[in-house]
Amino acid sequence: MSLLQDRISAARAEGRAALIAYLPVGYPDVDASIEAMVAAVEGGADIVEIGVPYSDPGMDGPTIQEAVDVAVRAGVGMTHVLRGVEAVAAAGAVPVVMSYWNPIERYGVDRFADDLAAAGGAGAITPDLIPDEAGPWLAATDRTGLDRVFLVAPSSTDARLASTTAACRGFVYAASTMGVTGTRASVGDAAQRLVERTRAVTDRPVCVGLGVSDGDQAAEVAGFADGVIVGSAYVRALLDGGGPAAVRALSVDLAGGVRRVGSGT
Amino acid sequence: MTAPHPPAPDVRDLPARPAWPDATGHFGPYGGRFVPEALIAALDELTEAYEAMRVDPAFLGEFARLQRDYTGRPSPLTDVPRFAEHCGGARVMLKREDLNHTGSHKINNVLGQALLTKRIGKSRVIAETGAGQHGVATATAAALMGLSCTVYMGEEDTRRQALNVARMRLLGAEVVPVTTGSRTLKDAINEAFRDWVTNVETTNYVFGTVAGPHPFPAMVRDFQRVIGDEAREQVLERIGRLPDVVLACVGGGSNAIGIFTAFVPDDGVRLVGLEAGGDGVDTGRHAATITGGDPGVLHGARSYLLQDDNGQTIESHSISAGLDYPGVGPEHAYLHDLGRAEYRPVTDSEAMEAFALLCRTEGIIPAIESAHALAGAMQVGREVGPDAVLLVNLSGRGDKDVETASRWFGLGDHEEVDPGPGLDTDQQPTEGAVSNDDATAGQDAGELA
């Protein structure tokens, strides 16, 4: 069983893609960030990626860096993240943690898995952990039944697509563009090609991230992927001072997009 | 290029490679690849190209020719008897990487990686730099080989090392000041990785030290091991035996690995790495990663790092920009755990004392990074006594550090270094120690013009 896959399948049964929102814990502060996550759920997010602040976010662009930097300086850590997990679960969405590897390793891989499962978390997305290096995490997730989401990229060989997707549980994260997180004017067809190549080697759901910022782009991605992941646009809403209301409004727009399958530009 | 190649090396004569890392880049529990999947294909491509070229006589011949005719290798081995009087009377020899073209050991590695970049058909290189030495070396190699070059440098470091920023720009490189995080080397590395993941099709990342994801720690070691291979032969030739102790400063650790590697199989030779102790390890303001840190993952590999309870990297502190880094190469972590190498901290004050001492006893202005190794020689020499032979890697020259040193020793107004003779020697904590530095600054400006 997989909390993530179940939720994505439920969306598919409604003839639409799932909406996955990313927000980091601790920006502008812990309580406000958790309120924003709940607002994202109220606006229509099916799944929330709860971001673990990290001092060296090598895969993130300037928007997420700016917010995460505030959280790191405030000393935000895994106990705050677990509060976010509980809040998202209580709001009715599926919580999944998004973390670079060192904060998990520092917390303790087994301790993290146990505490995450106890908080109602589905599992974790680990952007700088490849299955080749993931021995202890594979063991901990097998033991607890948690989902584990690894990334595939346009540069991944077919052999790596096969081995990486085989190690995934929950969904496969297709990092659609070569580059860091951030909103883009166009999602491009690299995403669609990557999804097609990924589907050729796995039956697991494939969700697309990196670049989606509005309902029209969400609709475009929903035309070929099982889930649409949005991060920087949510963070931008907070950085611009819009608070939970802006986050909720963005979710409403995006949730509309994932229901307009095929109508995107 | 009209210079004749040196005789193509016979690959059977290559020095024995250490038994580590394994095929996937692990040094025991350290090393590996902790990077986004998007970079794996590029790292695989680089690994494959490097493994092929490592034993390719044409590549090795071209590399050897550049080392000889461009860098000026072999670098000399210099006995420093007047300095050695302050090292318990032990005999001290310096491996003079400061005399390489561009002024440090960094050129050894960048020539290899730039050649490799051309062989894999990429037209652009990027690099991170702390003190600026690796950036200057990369800009130099890029100019030599017609590659475009972008160097990421923490904004804080661009101020500390303005001279090297000017050098890189003169060499045609774009220097990008990095304003995220602590605005130092670690953030420059993050930014370089972001560039690489975005532009990987055209761009090769010329990594400056023996850290980062596989294959960088092994590849950079192999390009730097010429330091120890030469020094071992030079010491044997001069005194008919091996040194008792080999010392080098350790930031990321490339000059240390470079001089250690040839001696790793020599069980009787102590290997000592000197980490930047900053204000003192007990103050928390330091960059002594192995002494004061513990294992974790940073910048693509598992090794020791300075981190807090949440796994956040702690900002390091050192007077030396080149050692101001909260991580260290995975092979050093492994050599430490094996007990094959020892790692000790040297404070800013101890390093600057050694810096001044080498200036006035031997007429050599060392890089502040290398002064940490010299301070280590002063300590270890006093412990081992006058019969011992110490080999110290003088990894770089101190021209870039003249302003920092002048400020440290209280010499005049350093917004604009005064080259005049009116130095007030009463202000100098070590008499007569650095009175030639300002003249050197003048020389440097001439060199740039």
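Everything that follows concerns the structure shown earlier in this document.
Before going into details, it helps to say that this report is about the structure given with it. Each chain has its residues counted from 1, running along the sequence as written. Here the convention is simple: chains get letters from A, ligands get numbers from 1, in the order in which they are written. Given that this is a predicted model, residues contribute local features only at a pLDDT of at least 70 and side-chain atom pairs are listed and counted only at 80 or more, while totals for whole chains, interfaces and linings are drawn from all residues. Excluding hydrogens and water, the side-chain values take into account all heavy atoms of the structure.

## Digging into the overall build of chain B
1) Next: Secondary structure is summarised from DSSP: a helix means a run of H or I of at least four residues, a strand means a run of E of at least two, and numbering begins at the N terminus for each. Counting secondary structure elements, chain B contains 17 helices and 15 strands.
2) Next: Exposure classes here rest on a 1.4 Å probe applied to the protein chains alone. A residue is buried below 20% of its type maximum, exposed above 50%, and partly exposed in between. When the 449 residues of chain B are sorted by exposure, 62% land in the buried category.
3) Next: In chain B, the proportion of contacts linking residues at least 24 apart, taken out of those at least 6 apart, comes to 74%.
4) Next: Only carbon and sulfur atoms are counted for the fraction: they give 50% of the accessible area of chain B, which is about 15,500 Å². We call two residues in contact whenever any of their non-hydrogen atoms come within 4.5 Å of each other. Note on areas: Shrake-Rupley, 1.4 Å probe, and residue coverage restricted to the protein chains presented here.

## Let's talk about the packing of aromatic side chains
Residue and element names in this part refer to chain B.
1) Next: Pairing of aromatic side chains requires ring centres within 6.5 Å, counting the rings of Phe and Tyr and the six-membered ring of Trp. Pairs whose planes differ by under 30 degrees are stacked, by over 60 edge-to-face, and all others tilted. Tallied over the entire structure, the rule returns 16 aromatic pairs over all chains.
2) Next: Ring centres of Tyr-50 and Phe-223 lie 5.5 Å apart, and the angle between their planes is 70°; on these two criteria the pair is classed as edge-to-face. Within this pair, whereas Tyr-50 is found in helix α1 (residues 40-53), its partner Phe-223 is found in helix α9 (residues 216-224), the two being separated by 173 residues in sequence. Considered together, Tyr-50 and Phe-223 belong to a single accessibility category, that of buried residues.
3) Next: Centroid distance Phe-193 to Tyr-205: 5.2 Å. Interplanar angle 85°. Geometry classified as edge-to-face. Taken together, the positions of Phe-193 in helix α8 (residues 185-199) and Tyr-205 in strand β8 (residues 203-205) put the pair 12 residues apart, joining distant regions of the chain.
4) Next: Residue classification places Phe-193 among the buried positions, given a relative accessible area of 8%.
5) Next: The exposure class assigned to Tyr-205 is buried, which follows from its relative accessible area of 0%.
6) Next: Taken together through their ring pairs, the aromatic side chains of Phe-193, Trp-196, Tyr-205, Phe-207 and Phe-216 make up a single cluster.

## Considerations on the environment of Gly327(B)
Residue and element names in this part refer to chain B.
1) Next: Inspection of the secondary structure puts Gly-327 in the loop between β13 (301-305) and α13 (330-338).
2) Next: The buried category is assigned to Gly-327, whose relative accessible area is 3%.
3) Next: In contact with Gly-327, other than residues within four places in its own chain, are Gly-251, Thr-289, Leu-298, Tyr-304 and Leu-305.

## Describing the pattern of salt bridges
Residues and elements named next belong to chain B.
1) Next: Salt bridge, as applied in this entry: a Lys or Arg side-chain nitrogen positioned within 4 Å of an Asp or Glu carboxyl oxygen. Inspection of the entire model under this criterion finds 50 salt bridges over all chains.
2) Next: Its salt-bridge partner being Arg-238, residue Asp-79 comes within 3.2 Å of it at the nearest N-O pair. With Asp-79 in strand β3 (residues 77-79) and Arg-238 in helix α10 (residues 226-239), the pair connects residues that are 159 residues apart, well separated along the chain.
3) Next: Overall, Arg-238 belongs to the partly exposed group, its relative accessible area being 39%.
4) Next: Residues Glu-403 and Arg-407 are paired through a salt bridge, measuring 2.8 Å at the closest nitrogen-oxygen approach. Separated by 4 residues within a single helix, Glu-403 and Arg-407 lie in helix α16 (residues 402-408), roughly one turn from each other.
5) Next: A relative accessible area of 34% means that Glu-403 is categorised as partly exposed.
6) Next: Residue classification places Arg-407 among the partly exposed positions, given a relative accessible area of 46%.
7) Next: Several salt bridges converge on common partners, so that one network encompasses Arg-17, Glu-51, Arg-54, Arg-221, Asp-222 and Glu-331.

## Digging into the interface of chain B and chain A
One frequently used descriptor of interface size is the decrease in accessible area upon assembly of the parts.
1) Next: Counting residues at the interface gives 34 residues for chain B and 36 residues for chain A.
2) Next: What gets called buried area is simply the loss in accessible area from a 1.4 Å probe that two parts show on being joined, summed for both. For chain B, the biggest contributors to the area lost against chain A are Glu37(B), Arg194(B) and Gln312(B); these three give 25% of the whole.
3) Next: Our count for the contact surface shared by chain B and chain A stands at 4 salt bridges.
4) Next: Lys186(B) is the salt-bridge partner of Asp56(A), the closest N and O atoms lying 2.9 Å from each other.

## Points about the packing of helix α5 (residues 133-145) of chain B against helix α7 (residues 162-170) of chain B
All names here are of chain B.
1) Next: Lines fitted to C-alpha atoms define the axes here, with helix axes fitted over just the stretch in contact, and angles between the N-to-C directions of these axes take values from 0 to 180 degrees. α7 packs onto α5 with a crossing angle of 10° between their chain directions and a minimal axis gap of 9 Å. On the basis of the axis angle, α5 is roughly parallel to α7. Side by side, α5 and α7 meet where Gln-133, Gly-135, Val-136 and Ala-139 of the first sit next to Asn-164, Arg-167 and Met-168 of the second.
2) Next: Class assignment of the residues belonging to the contact of α5 with α7 gives a composition of 3 nonpolar, 3 polar and 1 charged. Note that the term roughly parallel is reserved for angles under 35 degrees, roughly antiparallel for angles over 145, roughly perpendicular for angles of 65 to 115, and oblique for everything else. Nonpolar residues are Ala, Val, Leu, Ile, Met, Phe, Trp, Tyr, Cys and Pro. Charged residues are Asp, Glu, Lys and Arg, and all others, Gly as well, are polar.

## As for unusual backbone geometry
1) Next: Following Tyr27(A), the chain continues to Pro28(A) via a peptide bond in cis, the omega torsion being -5°.
2) Next: Inspection of the secondary structure assignment puts Pro28(A) in the loop between β1 (18-24) and α2 (30-42).
3) Next: For the bond running from Trp20(B) to Pro21(B), omega is 0°, close enough to zero to count as cis.
4) Next: Looking at the element boundaries, Pro21(B) is found in the segment before β1 (26-27).
5) Next: Positive phi, normally seen in glycine, also occurs at Thr102(B), with a value near 80°.
6) Next: As for its position among the elements, Thr102(B) is in the loop between β4 (91-96) and α4 (106-119).

## Side note on the sheet that holds strand β5 (residues 124-129) of chain B
All names here are of chain B.
1) Next: Reading across the sheet, the 4 strands line up as β7-β6-β5-β8 and stay open at both edges, with parallel pairing between neighbours. Because the sheet does not close on itself, it has two edges, and the strands there are β7 (174-178) and β8. Adjacent strand axes in the sheet meet at a mean angle of 25°, parallel and antiparallel pairs treated alike.
2) Next: As defined by bridge partners, β5 adjoins β8 across 3 bridges and the pair is classed as parallel. Note on β8: the bridge partner recorded for Arg-124 is Thr-203.
3) Next: α5 rests against β5 and β6 (148-154) of the sheet, and its axis sits at about 165° to β5.
4) Next: Running over the sheet, α8 touches β5, β6, β7 and β8 and is turned about 160° from β5. Pairing between two strands requires that DSSP report at least two bridges joining them.

## Brief notes about the pairing of strand β7 (residues 172-175) of chain A
All names here are of chain A.
1) Next: Here β7 shows a buried face lined by Val-172 and Ala-174 and a second buried face lined by Tyr-173 and Ala-175.
2) Next: Taken together, the 2 bridges between strand β6 (residues 151-152) and β7 define a ladder with parallel strand orientation. Bridging across to β7, Leu-151 finds its partner in Tyr-173.

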